[in-house]
Amino acid sequence: MDERTMLGLLADRLPRAGDDAAVIDGLVVTIDMLHEATDFPDGTTRYAAGWRAVGASLSDVAAMGADPAAAVAVYGAPEFDDRVLAFVDGARDVCEAVGTEYVGGDLDHHEEFTVATTAVGRTDDPVLRSGARPGDAICVTGTLGRSGAALELFERGETERANGLFRFEPRIEAGRALASHASAMMDSSDGLARSLHQLAEASDCGMAVETPLPIDDAVDSVAGPDERLELGAFFGEDFELVCTIPEKRYPAAKAASPTPLTRIGTVVEDGVTLDGEPMPDRGYTHEG
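Note that the structure is a prediction, hence the values are computed from the model and not measured.

## As for the side chain of Arg52
Relative to the elements of secondary structure, Arg52 occurs in helix 3 (residues 46-63). At 3.1 Å, the side chain of Arg52 forms a polar contact with the backbone oxygen of Phe166. Leave out the neighbours within four places in its chain, and Arg52 touches Ser147, Phe166, Phe168, Glu237 and Phe239.

The following block contains the structure:
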């Protein structure tokens, strides 16, 4: 059974789950787990791992349109050495980049380098996945494909550049700016295509997307024309925001966003399509 199937089975038992984070009385809470085998390619520095792991949870806070309050992490590894310090430096720096604080965590011996991170935030008006309506604009922040390009660079041994691409900026400011405009929102950690399918399912509607998509320039240096769309739309782990915005609010949302906001399509009654053809529900999965 894959991760998504299990999440579907858990949905009835966990009615507060289903969005990027849970919201209880204005408190936003999220948790993520990353493993060396599936999430940190050979050559990933502990600094980049700390930044990326904590950044992933902060991205969930951003997707709710919330203000971050703090982050913590559990660090598990076969042995403890100065790489722990590098990890903490990365975790602290990504928090500082978005105006919040890394406040600690826990250490544990583990056969594989594994990290569990939690971020908390606050909002009285969270943006859920379930508010999209036909006619809304479909938008994405920033560019897609950075992580796919990074993986290729890791495989080529270009680790310095790859680690740089791995250090993404959680879209906290954009999430706050879009919160008053968006009808639905989530991050693209599982890939654009899967995010669109999840938004469509949660909102009981369809998504019609058109190319060109905002693909990161880094993709062009590692992929040919046939791979470009694959890395941008299906690879995932880019941590951009995917949102829907009522048509009349789109110009104001675009002007308000501190991160470039690109319209990629329109919410429709049913179906998820790319250039008029069914868009496969494929994306990142946490499997070894």
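Still more ground to cover, so stick around.
## Considerations on the UniProt feature "binding site: substrate" (unreviewed entry) in the chain
Sequence positions flagged by UniProt for "binding site: substrate" (unreviewed entry) are, in local numbering, Asp39, Glu237 and Tyr284. These annotated residues cover 246 residues of sequence, and their C-alpha atoms lie no more than 10.4 Å from one another, placing them together at a single site. Within the element layout of this structure, Tyr284 appears in the segment after strand 12 (277-278). Discounting chain neighbours no more than four positions away, the residues touching Tyr284 are Thr38, Asp39, Ser189, Asp190, Arg194, Phe234, Phe235, Gly236 and Glu237.

## Observations concerning the sheet that holds strand 9 (residues 241-245)
Read from one edge to the other, the open sheet built from seven strands follows the order 7-9-6-10-8-11-12, with strand pairing classed as mixed. The two strands at the open ends of the sheet, each matched to only one other strand, are strand 7 (184-187) and strand 12. In this sheet, strand 10 (residues 261-268) lies alongside strand 6 (residues 137-141) in antiparallel orientation, the contact comprising five bridges. From the neighbouring strand, Cys139 faces strand 10, where its bridge partner is Arg263. Running over the sheet, helix 3 touches strand 7 and strand 9 and is turned about 175° from strand 7. Packing against the sheet, helix 7 (residues 172-179) makes contact with strand 6, strand 7, strand 9 and strand 10, and its axis sits at approximately 10° to strand 9.

## Quick look at the sheet that holds strand 1 (residues 22-24)
With mixed pairing, the five strands of this open sheet are ordered in space as 1-2-5-3-4. Looking at the sheet topology across the chains shown, the edges are occupied by strand 1 and strand 4 (102-109). Pairwise comparison of adjacent strand axes, ignoring direction, gives a mean angle of 20° for this sheet. Inspection of the sheet shows strand 3 (residues 67-77) paired to strand 5 (residues 114-122) by nine bridges, in the antiparallel sense. Opposite Val72, over in strand 5, you have Thr118 as the bridge partner. Against the sheet, helix 4 (residues 82-97) touches strand 3, strand 4 and strand 5, its axis set at about 150° to strand 4.

Conventions adopted
- Residues numbered from 1 in each chain as written.
- Predicted model: local features only at pLDDT ≥ 70, side-chain atom pairs only at ≥ 80, totals over all residues.
- Heavy atoms only, no water.
- Helix = DSSP H or I, 4+ residues; strand = E, 2+ residues; numbered from the N terminus.
- Polar contact = N/O pair within 3.5 Å; in protein donor to acceptor, adjacent residues only side chain to side chain.
- Contact = heavy atoms within 4.5 Å.
- UniProt positions renumbered as here; feature names shortened; annotations may be inferred.
- Pairing = 2+ DSSP bridges.
- Axes fitted to C-alpha atoms, helices over the stretch in contact; angles between N-to-C directions.

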